[in-house]
Amino acid sequence: MKTLFISDLDGTLLTSKETISAFSLENLNKLIDEEGMLFTYATARSLNSAAKACWGLRQNLPVILYNGAVVMEPWSRRMLYNNHFNREQRTFLRGLIDGAGLFPLVYSFSKEGKERVSWIRGKETEGIRRYLSRRTGDSRLNPIESPDELCEDEIFYYTCIAEKSVTDPLNAAILQREDLKTIYEQETYHTDYWCEIMPRGTSKGAAAERLARELGADKMVVFGDAPNDAEMFCAASESYAVRNADERLKQIATGEIGYSEEDSVAKFLMENLARYR
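Residues numbered from 1 in each chain as written. Predicted model: local features only at pLDDT ≥ 70, side-chain atom pairs only at ≥ 80, totals over all residues. Heavy atoms only, no water.

A. Highlighting the overall build of the protein. Across its full length, the protein holds 10 helices and 14 strands. The C-alpha atoms of the protein give a radius of gyration of 19 Å, which matches the 19 Å a tight globule of 277 residues would have. Along the first, second and third principal axes, the C-alpha set of the protein runs to 55 × 40 × 35 Å. Counting every position in the protein, which comprises 277 residues, the buried fraction comes to 54%. Across the protein, every contact between residues at least 6 apart in sequence was considered, and the portion connecting residues at least 24 apart equals 59%. As displayed, the protein offers around 13000 Å² of accessible surface, 48% of which is attributable to carbon and sulfur atoms. Taking the average place of the 35 positive charges on the side chains of the protein and the average place of its 43 negative ones, the gap between the two points comes to 2 Å. (Helix = DSSP H or I, 4+ residues; strand = E, 2+ residues; numbered from the N terminus. Rg over C-alpha atoms; globule rule 2.2 N^0.38 Å. Buried < 20%, exposed > 50% of the residue type's maximum accessible area, 1.4 Å probe, protein only. Contact = heavy atoms within 4.5 Å. Areas by Shrake-Rupley, 256 points an atom, 1.4 Å probe, with all protein chains shown as cover. Lys, Arg positive; Asp, Glu negative; His and termini not counted. Charge placed at Lys NZ, Arg CZ, Asp CG, Glu CD.)

B. Region of the structure containing the sheet that holds strand β13 (residues 238–241). An order of β2-β1-β12-β13-β14 is seen for the 5 strands of this open sheet, with the pairing classed as parallel. Either end of the sheet is taken by a strand with one partner, and the two such strands are β2 (38–41) and β14 (255–256). Alignment of strand β1 (residues 3–7) against β2, held across 4 bridges, turns out to be parallel. Residue S7 lies in a different strand from β2, and its bridge partner there is Y41. The sheet contacts of helix α7 (residues 204–215) involve β1, β2 and β12 (219–224), and relative to β1 the element is tilted by about 145°. Those strands touched by helix α10 (residues 264–272) are β1, β2, β12 and β13, and its axis lies near 150° from that of β12. (Pairing = 2+ DSSP bridges. Axes fitted to C-alpha atoms, helices over the stretch in contact; angles between N-to-C directions.)

C. Molecular detail of the sheet that holds strand β4 (residues 70–72). The antiparallel open sheet is built from 3 strands, whose spatial order is β3-β4-β5. With partners counted over all chains shown, the strands left at the sheet margins are β3 (63–65) and β5 (79–82), one partner each. For this sheet the average axis-to-axis angle between neighbouring strands, irrespective of direction, equals 20°. Examined bridge by bridge, β4 and β5 share 3 bridges and lie antiparallel to one another. In the sheet register, V71 faces β5, and the bridge partner there is Y81. Sitting on the sheet, α7 touches β3, β4 and β5, and the angle it makes with β3 is about 155°.

D. Representation of the pattern of salt bridges in the model. One pass over the structure, following the stated rule, counts 28 salt bridges. Note that D148 is salt-bridged to R94, the shortest N-O span being 2.9 Å. Highlighted residues: D148 in the loop between β8 (141–144) and β9 (154–162) and R94 in helix α4 (residues 87–99), separated in sequence by 54 residues. Classification of D148 as partly exposed rests on a relative accessible area of 47%. Put simply, D179 and R177 hold a salt bridge, and the shortest N to O gap is 2.8 Å. One connected set of salt bridges, linked through shared partners, spans R77, E115, D138 and R140. (Salt bridge = Lys/Arg side-chain N within 4 Å of Asp/Glu carboxyl O.)

Spelled out as structure tokens, the structure:
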């Protein structure tokens, strides 16, 4: 059996400091180097953000980014998969978002393959300003004057950050479409809501299945903590929720392990890797 292990990052593999502990780094790298363990991660983060959080982790497999919208080689930044919007979806969303008076963050790849996060300069909401302030120096940032500047890009993700009274109707309208989906949550520590929009087929589960086929894995074992891990749990042979996970995720998990702050993913793999041989 060839087993692929995939972990979520925030709330699962990472500590509250948004890093992997020294203990987990040492032991995961040992399992990868000495035991040949196939290990990677699936996250809502971009590669820039994920690589910073996972600094020091041996990353010799492609990683799953943006909740499954992108699969990429972290060492070369070569994109293996990009589930982007089609032209009709883009036209619909632009009209809907414009009608709501919103100016979103737009995630895309240019025709040259450059990853970009674009927004209309001077139209930032307070939430978008907070987002940008945490990413000073990020090479992806691409302020624009008009959405027409992105007409040749492959857009795979929109993020609208605004008050609930604005994002509620937007989210409801998108959910009427069978070919689109959202992740809709309140921002931690703030009153803003994030409405993240993607094609219906985008999920960590679909990306994980695609990666497993690419690697020739017979079995997939995954770890997570949040509702956006649910489709990955359903796609996996085995799934393990950390103790701090959402109760809904625990209900569909194969089992429960310790808290994310306790190096639980690394400890599970150290104790159980032999039985997946």
